[in-house]
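# Structural features, examined
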Number of protein chains: 2
Amino acid sequence: MSDSPKTSPIKPRKLNEVTQWDMETDVAVVGFGGAGACAAIEAADAGADAIIFEVTSASGGSTALSSAEIYMGGNGGTRVQQACGYEDSTEDMFNYLMEANGALADETRIRAYCEGSLEHFDWLVDKGVPYKDTEYKQRAIMAPTDDCLLYTGNEKAWPFRDKAKPCPRGHNLEIEGDNGGPLLMKILTENVEKRGIRVEYDARALTLIADENGEVHGLVVRIDREEKAVRARKGVILCAGGFCMNEEMVKKYCPLLENGNMPIGNPGDTGSGQLMGAGVGGALIHMNEHFITLPFYPPANQTYGIFVNSQGQRFINEDCYHGRVAYHVIRQVSQRIYLVLSAEGYEHSKYLNADIAGTGETVEELAEELELDADQLRHTIEFYNKHAANGEDPLFHKGEAWLKPIEAPYAALDCTPGRGAFFPFFTLGGLDALPSGEVLRMDKSVIKGLYAAGRTTCGMPRTAAGYSSGMSVGDATYFGRLAGKQAANRAE
Amino acid sequence: MSDSPKTSPIKPRKLNEVTQWDMETDVAVVGFGGAGACAAIEAADAGADAIIFEVTSASGGSTALSSAEIYMGGNGGTRVQQACGYEDSTEDMFNYLMEANGALADETRIRAYCEGSLEHFDWLVDKGVPYKDTEYKQRAIMAPTDDCLLYTGNEKAWPFRDKAKPCPRGHNLEIEGDNGGPLLMKILTENVEKRGIRVEYDARALTLIADENGEVHGLVVRIDREEKAVRARKGVILCAGGFCMNEEMVKKYCPLLENGNMPIGNPGDTGSGQLMGAGVGGALIHMNEHFITLPFYPPANQTYGIFVNSQGQRFINEDCYHGRVAYHVIRQVSQRIYLVLSAEGYEHSKYLNADIAGTGETVEELAEELELDADQLRHTIEFYNKHAANGEDPLFHKGEAWLKPIEAPYAALDCTPGRGAFFPFFTLGGLDALPSGEVLRMDKSVIKGLYAAGRTTCGMPRTAAGYSSGMSVGDATYFGRLAGKQAANRAE
């Protein structure tokens, strides 16, 4: 069998083979997305020299491509939560995140995330990130207005609402439309520049430099077609994103992602951070885990619909987060999936990209077009409608606000994986790291001189089953900061 | 964070620190279960010296605890298949195993397994393994009689039956009751002894011995409280089982296994083979994958029942393999699971260990006891019954042979994970290896001198979703043989 260079750990350069240092710094940061920016800022503020190496010609990373909502709360509530009348407790936030991650939860990391969340909000505000003291009250993936606070996950949905008091924790920047990512990265970039942090753009990190004990001393980067040896006296921080753009790695590690799924991220999400880390012995954990979603709202009124599977049965409470729907879609025993709606009031969802699979004045007509058993589909709709009329969903406990009988004429959207509906994904597995960013080997020993944050690590969010928008940028920015501080304060 | 020695790779002893060899051999085999026995026999038959190191005082491993059915066929059919009137084709077997493993399938390994299967049957027979030319025609996990051939998986069940022509491929030894495992291991042990292969019992393999290039030269074993350095001129073959008995590893790698599941295997299934292999750079792949099951048959007539989930909905065709049922049980959005049966003709299943959760003269009574929605449960039963009476199952395509209306009075068994029903599991992830047994690093390069087989590797069966009884012992014995041959024929 031949080598698979695209899934192979990247062998480090041996320290004793480095004949000269082309650059020297305290902290070298690989990747100028949300995690890398925050790491560099904190390193600089702790008094360390830092250089950021970014493979593209601009800062941004996948954070700039996202809405850059950040999941924050607890500790009595952020300024915005309080202004909007929410008194969020750390325990509610902790319990929610533990439930959200289920058996995959890293309790230490979740605890750190919750306890530091208010301070993180204040830090972002201090850096100039604008948050308006208002709430966006509609069900959405992100606020299309410049309002700040919104529910972005499963907080109000069964079974989560029974495990922790619901509270909105998605913080959307004060900017209209899906423009939070560019704004956040603009502000963080200004903070980087203001501190005089050196940034090398168009600089591809090739490999780490390690000594015979596995301690990391720097890295090799390619700039202007030349390899440069960079000494990082205190450490290298890998903030190079996930591996969703590396088809071979996705195939190897995430076999569930077979059918027409679309990676979301930037072209640099090739797993190079994971592979560099693995090259010096970093453990890769939960590599099969990923975020996947089916963005069926907005418009929020699609939530009045019901998802049915090949059996014409419902399988989820439709008021849960769209990622949780997709998580369960790809676990159905067979995966023809339809979203059945009242045709009246139907609005096209620009994200979903699902074709209309069938319509009908009667359930029989609809069933025939969907090739579903008509009796079963009729039962599903009638049972749902009967209880919805009473504000109840005895099977899946969909919230009362989203219960309304589905009425003829009917329409059904084809949400079957592989038939065109948008199933974006990104990866959640990565380097095992402490909350401080210190990268761990399989034996949980720390690799001296190596740190990581963001999707290069297996971070706080670990499963689509309990994901909320804002968790990934939240994890990247918060733990990016901790990594920057930890590296800067490392005793040489 | 402290070290986790139970999940840590075992660091190899450096070759240049070995001051003397206490034993020397061509091939050192770790573990005397099915894989190890076959590896040693083939190594000896290829002219190599071999020593088996077994941690317990007897041969057996987990193979001896199993029924030792072996999944074989293709190539026109084994002697038994042909005698029973089945002309099995290699393509049907290949297509079935590809479908059974889905996105996890290792095509090269499956191809090797299918093409070598007839020869493997003949090899076993030649070694003295008795197979009667008869078929056991009832639905069972293993033949309780001394009959040989039976269906042991999903071959006849939807959707597999549409992908490959069904054929029984489970080969049960000619012995009554669940005694195949001890008999197979007795015969293989006699073959080992007959060849004069040295066996060291009560010998714990501690670590591999490797040089600075990572090539394996032997291993350190502890015998009579003393460490012995064993030189293996041609190679070490790790056949040390899976890791189901290592709670920390299970928790780390198989988070889905949370609720009252029971490891099945021998106490030596501690992952030591995986951890020794990882210590010299062997890649551990698909570590989250496992076999899990809910052995609800025999008695076969439980197959006439229907499984319902917390929603009172069916979720699987009940004529599929019991492991496939369990695979889907632990993927339900909430996991109260009942097997609903006609009380008349009910027979107690000695394996299942499920309590009766409710009974009822009417569906309403039953629903009340099960705390399920009565209307939904009534629909599920009535819909099922209406079609079953016509030999149809429009939703899950259960085979006609198992379709019979469920009649009052009803009984329901509690198959909810964590409430007592037997959910045995073992692990399917492990070292990445070629069909030849050669262990691979993450970059797919071969670790010279290191081989592995059986559950120490990630072998042919990779998911409970498509498992058939006989796949694990089949994989262990067949690829154990290949590893023994490969090691013996290695040019030094």
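Residues numbered from 1 in each chain as written. Chains lettered and ligands numbered in written order. Predicted model: local features only at pLDDT ≥ 70, side-chain atom pairs only at ≥ 80, totals over all residues.

Once that is clear, we can look at the overall build of chain A. In terms of helices and strands, chain A carries 13 helices and 21 strands. For 492 residues, the compact-globule estimate of 2.2 N^0.38 gives 23 Å, and the C-alpha radius of gyration of chain A, at 23 Å, lies within 12% of that figure. Structurally, chain A occupies a C-alpha span of about 80 × 60 × 35 Å along its principal axes. Counting all 492 residues of chain A, 61% fall into the buried class. (Helix = DSSP H or I, 4+ residues; strand = E, 2+ residues; numbered from the N terminus. Rg over C-alpha atoms; globule rule 2.2 N^0.38 Å. Buried ≥ 20, exposed ≤ 12 C-beta atoms within 10 Å, placed from the backbone.)

Turning our attention to the relation of the copies chain A and chain B. Superposing chain A onto chain B takes a rotation of 180° combined with a translation of 0.0 Å along the rotation axis, leaving an RMSD of 0.0 Å. The superposition operator between the copies reduces to a two-fold rotation axis. Taking C-alpha positions as the reference, the residue of chain A nearest the rotation axis is A:Arg331, at 3.4 Å. Counting the interface residues of chain A, we find that 100% of their copies in chain B are interface residues as well, pointing to one common contact surface. (Least-squares fit on C-alpha atoms with pLDDT ≥ 70 in both. Contact = placed C-beta atoms within 7 Å.)

Quick look at the sheet that holds strand β18 (residues 424-427) of chain A now. Residues and elements named next belong to chain A. Ordered in space as β11-β18-β13, the three strands form an open sheet in which the pairing is mixed. The open sheet has two edge strands, β11 (262-263) and β13 (290-292), and neither has a second partner. Relative to β18, β11 runs parallel, the two being bridged by two bridges. Note that in β18 the partner of Met262 across the bridge is Pro424. (Pairing = 2+ DSSP bridges.)

A word on the packing of helix α12 (residues 374-388) of chain A against helix α12 (residues 374-388) of chain B. Relative orientation of the contacting elements α12(A) and α12(B) amounts to 175°, with a least axis distance of 12 Å. In terms of their interaxial angle, α12(A) and α12(B) are classed as roughly antiparallel. Contact with α12(A), carried on its side by A:Asp375, A:Gln376, A:His379 and A:Phe383, involves B:Asp375, B:Gln376, B:His379 and B:Phe383 of α12(B) and no other residues of that element. (Axes fitted to C-alpha atoms, helices over the stretch in contact; angles between N-to-C directions. Parallel < 35°, antiparallel > 145°, perpendicular 65-115°, else oblique.)

What follows is about the environment of B:Phe296. Residues and elements named next belong to chain B. Along the chain, the position of Phe296 falls in the loop between β13 (290-292) and β14 (306-308). In the structure, Phe296 is positioned 179 residues away from Ser117 in sequence and 29 Å away in space, judged by C-alpha atoms. In this structure Phe296 touches Gln302, His322, Val325, Leu339, Ser349 and Leu352, once residues within four positions along its chain are discounted.

Turning our attention to the domain arrangement of chain A. All names here are of chain A. Taken domain by domain, chain A comprises domain 1 (5-66 + 181-291 + 424-488), domain 2 (70-177) and domain 3 (300-414). For domain 1 versus domain 2, the distance between C-alpha centres works out to 25 Å. With 22 residues of domain 1 at the contact, the number on the domain 2 side is 28 residues. Mapped onto the side of domain 1 that touches domain 2, the elements with two or more residues apiece are α7 (180-194) and α13 (471-488). Considering only residue class, the side of domain 1 that touches domain 2 consists of eleven nonpolar, nine polar and two charged. (Domains from an automatic or database assignment. Nonpolar A, V, L, I, M, F, W, Y, C, P; charged D, E, K, R; others polar.)

Ranked by internal contacts, the top residues of the largest apolar core, which has 335 residues, are A:Ile237 and B:Ile237. Among residues more than four places away in sequence, those in contact with A:Ile237 are A:Val27, A:Val29, A:Val30, A:Ala39, A:Gly437, A:Tyr451, A:Ala452, A:Ala453, A:Ala483, A:Gly484 and A:Ala487. (Core = buried A, V, L, I, M, F, W, Y, C linked by C-beta atoms within 7 Å.)

Let's shift gears to the sheet that holds strand β6 (residues 170-171) of chain A. With antiparallel pairing, three strands are arranged side by side in an open sheet as β4-β6-β5 (chain A). The strands lining the two open edges of the sheet, one partner per strand, are β4 (70-71) and β5 (149-150) of chain A.

On to the pairing of strand β2 (residues 23-30) of chain B. Residue and element names in this part refer to chain B. Within β2, six of the eight residues are buried, leaving the element largely enclosed by the surrounding structure. Where β2 meets strand β10 (residues 226-238), seven bridges bridge the pair, whose relative direction is parallel. Opposite Thr25, over in β10, you have Ala232 as the bridge partner. Across four bridges, β2 lies against strand β3 (residues 50-53) in parallel orientation.

Each side of the interface is counted separately: chain A has 35 residues, and chain B has 35 residues. Broken down by element, the side of chain A that touches chain B gets its largest block of residues, four residues, from α12(A). Per-class residue counts for the side of chain A that touches chain B are 17 nonpolar, eleven polar and seven charged.

Let us now look at the pairing of strand β17 (residues 410-414) of chain B. Residue and element names in this part refer to chain B. A large share of β17 lies buried, amounting to four of its five residues. Here four bridges tie strand β16 (residues 356-360) to β17, and the two strands are oriented antiparallel to one another. Bridged to Gly360 within β17 is Tyr410.

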